[in-house]
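Spelled out, the chains give:
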Amino acid sequence: MSRSSQQQGEGGSSNVFSMFEQSQIQEYKEAFTIIDQNRDGIISKDDLRDVLATMGQLNVKNEELEAMIKEASGPINFTVFLTMFGEKLKGADPEDVIVSAFKVLDPEATGFIKKELIEELLTTQCDRFTAEEMSNLWAAFPPDVAGNVDYKQICYVITHGEEKEDE
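The name that an unreviewed UniProt entry assigns to the chain is Myosin light chain 11, with the source organism given as Oncorhynchus kisutch.

See the structure below:
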C-alpha cells in the first residue's frame, strides 16, 4: 500500500500505477492509444486535434489545444497521462466521475441521452457491445416512450449496485 504522503510537482508520483486497478490501467492505456494518433508514445497538440476531429470537433482553436497540453508539466507519455487522471479523480466520487462523462453527451443537461446515441457509441467504439449485451442493457434500463435513457440511474447502479430500496 502507498503511504499517505503523496509526491506532488514536477516529478509526479512514481507510484501512480498503484492508484488504479489493473483493469483501469488497461482502459486508460486503450484511451491513450486512441488519443496518440501518430503512435509516437507522446500526446501532442496534433494528436489532440486529430482525435477531436474524429469525434466531429473540427474547429478547435490552437489556444485551446495548447491549454490542454500545458496541463501537464512536460511531454505527455502514458505515465504522465495516468498521473493527470489520478490528480483529477483524487477525492472525486466515482458516481460523479461517471455522471460527468455522460454529461458530455447531454449538452442541454436534461439527465437523459437518446437510446440510439448510446447504442451507436457502445457498438462502434473500443470494447464493442454485442447485440445480446445491448439487449441486456435495455432490459435493465428501458428507455422512455420518447427513446430517452436516464443515465444517472445507470451511473447509480454502476457505482452502488441495484439495491436502491434500502435508502
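### Looking at the packing of aromatic side chains
The final tally for this structure, using the stated rule, is eight aromatic pairs. Note on Phe-17 and Phe-78: the rings are 6.2 Å apart at their centroids and 45° apart in plane angle, and the pair reads as tilted. On the criterion of sequence distance, the pair formed by Phe-17 in the segment before helix 1 (22–35) and Phe-78 in helix 4 (residues 78–89) is long-range, its members being 61 residues apart. Centre to centre, the rings of Phe-20 and Tyr-28 are 5.2 Å apart; their planes meet at 65°, and the pair counts as edge-to-face. Judged by its relative accessible area of 10%, Phe-20 is buried. Here the aromatic cluster, defined as three or more aromatic residues joined through ring pairs, consists of Phe-17, Phe-20, Tyr-28, Phe-32, Phe-78, Phe-81 and Phe-85. In this structure, Lys-29 packs its charged tip against the face of Phe-78, placed 4.7 Å from the ring centre.

### Concerning the pattern of salt bridges
Applying the stated criterion across every chain, the model contains two salt bridges. A salt bridge links Lys-45 to Glu-66, with the shortest nitrogen-to-oxygen separation between them at 3.1 Å. Residue Lys-45 is found in helix 2 (residues 45–54), and its partner Glu-66 is found in helix 3 (residues 62–70); the two are separated by 21 residues along the sequence. Classification of Glu-66 by relative accessible area gives partly exposed; the value is 29%. Close ionic contact of Asp-46 with Arg-49 constitutes a salt bridge, the shortest N to O distance being 3.2 Å. Within this pair, Asp-46 and its partner Arg-49 are both found in helix 2, separated by three residues, close to a single helical turn. The partly exposed category is assigned to Arg-49, whose relative accessible area is 30%.

### Considering helix 2
When we look at burial in helix 2, the residues that qualify are Asp-47, Leu-48, Val-51 and Leu-52. Burial along helix 2 is one-sided: seen end-on, the buried residues are contained in an arc of 125°. Looking at the buried side of helix 2, the elements it contacts are helix 1 and helix 3. At the exit of helix 2 stands Gly-56, carrying a positive phi of roughly 95°.

Thresholds applied
- Residues numbered from 1 in each chain as written.
- Predicted model: local features only at pLDDT ≥ 70, side-chain atom pairs only at ≥ 80, totals over all residues.
- Heavy atoms only, no water.
- Phe/Tyr/Trp six-rings, centres within 6.5 Å; stacked < 30°, edge-to-face > 60°.
- Helix = DSSP H or I, 4+ residues; strand = E, 2+ residues; numbered from the N terminus.
- Buried < 20%, exposed > 50% of the residue type's maximum accessible area, 1.4 Å probe, protein only.
- Lys NZ or Arg CZ within 6 Å of the ring centre and 35° of its normal.
- Salt bridge = Lys/Arg side-chain N within 4 Å of Asp/Glu carboxyl O.
- Arc of directions from axis to C-beta.
- Contact = heavy atoms within 4.5 Å.

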